[in-house]
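Residue-level structural notes
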There are 2 protein chains.
Amino acid sequence: MPKEIERKFLVDKTLWQQLEKPQGTYLRQGYLSTDPARTVRVRIAGERAYLTIKGKTTGISRSEWEYPIPLADARALLDELIPASIEKRRYVIEFEGRHWEVDAFEGANQGLLVAELELQSEEEAFALPPGWTGRYQRMPAM
Amino acid sequence: MPKEIERKFLVDKTLWQQLEKPQGTYLRQGYLSTDPARTVRVRIAGERAYLTIKGKTTGISRSEWEYPIPLADARALLDELIPASIEKRRYVIEFEGRHWEVDAFEGANQGLLVAELELQSEEEAFALPPGWTGRYQRMPAM
């Protein structure tokens, strides 16, 4: 039962646009359960797809289970069962030895930029890249 | 995207106890989502385990997707994320060329006997075994 420890920040759009960055991965995802005690996410990442289950957040830790599923199943689940799916492009940005994931949202959330860092422990220190602004509060449906 | 067509009946306890039957399979299961538009079930069946997703019922048909998961994951999901799991023993009973699945519930639902038949089409005819009494109405959490 792996634990996930993450920190999220908003990213300044103007600085982001000036940044030299890799191509990113297209993501489409939605939730079969948004109950914070047992979320179930369907995600398409490029040509792969996954079911991800997460338990309740304790501090900034969460239990997480992930299973690969066929891409066609994920498309059918999102099309037929989940009215509100989200599309975004995910970039991996390296800064001072850390790998940040930055999500650039499309569709209804166009323009929103969220940077996430996974940590090994809740006390671990890290440096913020320029352009990383305020803390971002998790919304279950994202 | 397979479709599931099923009919459910209650079974008379006295007649059931007199029936000669196979040993059955122990099942433990619970739901990560009980929303009828997108249920997500975790099930342990003997030494195997599965995640099963079902869509909205249309008539007596339902879209269904099923994925095997490790038994240890299923136990952790049921123990940590799902407060109300259900235990039952499932028997397969043959009657006039049909395979009925009969669930004998344990725990809080001890004594409840539900027989289920899967059909190829919604119009298909079938014979009821003796002891199969009234129609059983599905409850999402079962």
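Computed from a predicted model, the values in this text were never measured in an experiment. (Residues numbered from 1 in each chain as written. Chains lettered and ligands numbered in written order. Predicted model: local features only at pLDDT ≥ 70, side-chain atom pairs only at ≥ 80, totals over all residues.)

1. Quick word on the overall build of chain A
- Per the secondary structure count, chain A includes two helices and nine strands.
- Its helices and strands taken in sequence order, chain A reads β-α-β-β-β-β-α-β-β-β-β from the N to the C terminus.
- By the compact-globule yardstick of 14 Å for 142 residues, chain A fits well, its C-alpha radius of gyration being 15 Å.
- Within chain A, the fraction of its 142 residues that count as buried is 24%.
- Sequence separation of at least 24 residues holds for 55% of the intrachain contacts in chain A that already meet a minimum separation of 6. (Helix = DSSP H or I, 4+ residues; strand = E, 2+ residues; numbered from the N terminus. Rg over C-alpha atoms; globule rule 2.2 N^0.38 Å. Buried ≥ 20, exposed ≤ 12 C-beta atoms within 10 Å, placed from the backbone. Contact = placed C-beta atoms within 7 Å.)

2. So, the relation of the copies chain B and chain A
- Placing chain B over chain A gives an RMSD of 0.0 Å and needs a rotation angle of 180°, together with 0.0 Å of translation along the axis. Both copies of the chain, as the preceding transformation shows, are related through a two-fold rotation axis. Judged by C-alpha distance, Ser33(B) is the residue of chain B that lies nearest the rotation axis, at 2.8 Å.
- Of the interface residues in chain B, 100% have counterparts in chain A that sit at the interface too, so the contact is made through matching surfaces. (Least-squares fit on C-alpha atoms with pLDDT ≥ 70 in both.)

3. Some words on the UniProt feature "active site" (unreviewed entry) in chain A
All names here are of chain A.
- UniProt's entry tags Tyr 31 with the feature "active site" (unreviewed entry), counted in the numbering of this structure.
- The residue Tyr 31 is located in strand β2 (residues 25-33) in this model.
- Look at Tyr 31 and you get buried, because 22 C-beta atoms sit within 10 Å. (UniProt positions renumbered as here; feature names shortened; annotations may be inferred.)

4. Side note on the interface of chain B and chain A
- Counting residues at the interface gives 19 residues for chain B and 19 residues for chain A.
- A total of five residues in the side of chain B that touches chain A trace back to one element, the largest contributor, which is helix α2 (residues 71-81) of chain B.
- Of the residues contributing to the side of chain B that touches chain A, the split by class is 13 nonpolar, three polar and three charged. (Nonpolar A, V, L, I, M, F, W, Y, C, P; charged D, E, K, R; others polar.)

5. Considerations on the environment of Ala72(B)
Residue and element names in this part refer to chain B.
- With respect to the helices, strands and loops of the structure, Ala 72 is situated in helix α2.
- Note on Ala 72: 10 C-beta atoms within 10 Å, which makes it exposed.
- Each C-alpha atom, one on Ala 72 and one on Ala 37, is 28 Å from the other, the two residues being 35 residues apart in sequence.

6. Considering helix α2 (residues 71-81) of chain A
- Every buried residue of α2(A) is accounted for by Ala74(A), Leu77(A), Leu78(A) and Leu81(A). Buried residues along α2(A) cover an arc of 110° about the axis, so they all sit on one side. Those residues of α2(A) that are exposed and angled more than 90 degrees off the buried face are Ala72(A) and Asp79(A).
- Close packing links the buried residues of α2(A) with β2, β3 (38-45) and β4 (48-58) of chain A together with β3 (38-45), β4 (48-58) and β5 (61-68) of chain B. (Arc of directions from axis to C-beta.)

7. Thoughts on the nonpolar core
- Of all hydrophobic cores here, the largest spans 26 residues; its most connected members are Leu32(A), Val40(A), Leu77(A), Leu32(B), Val40(B) and Leu77(B).
- Listing elements by their share of this core, those giving two or more residues are β2, β3, β4 and α2 of chain A together with β2 (25-33), β3, β4 and α2 of chain B. (Core = buried A, V, L, I, M, F, W, Y, C linked by C-beta atoms within 7 Å.)

8. Observations concerning the pairing of β4(B)
Residue and element names in this part refer to chain B.
- As paired strands, β3 and β4 are joined by eight bridges and run antiparallel to one another. Counted as the bridge partner of Arg 38 is Gly 55 from β4.
- Connecting the antiparallel pair β3 and β4 is a turn made up of two residues, with Gly 46 showing a positive phi of about 60°.
- Summarising the sheet, β4 and β5 pair through seven bridges and their orientation is antiparallel. Following the sheet pairing, Thr 57 is matched in β5 by Arg 62. (Pairing = 2+ DSSP bridges.)

9. What to know about the confidence of the model for chain A
- The share of residues in chain A with pLDDT of 70 or more is 92%, and the mean pLDDT across the chain is 89.
- As scored by the predictor, the complex reaches a pTM of 0.75 and an ipTM of 0.72. (pLDDT = per-residue confidence, 0-100.)

10. Structural notes on unusual backbone geometry
- Although it is not a glycine, Glu96(A) sits at a positive phi angle of roughly 50°.
- By the element assignment, Glu96(A) lies in the loop between β6 (86-95) and β7 (98-105).

11. What to know about the environment of Leu78(A)
Residue and element names in this part refer to chain A.
- Tracing the backbone shows Leu 78 in helix α2.
- As a C-alpha pair, Leu 78 and Gln 29 span 49 residues in sequence and 7.3 Å in three-dimensional space.
- What Leu 78 contacts, discounting residues up to four positions off in sequence, is Arg 28, Gly 30, Val 42 and Ser 85.

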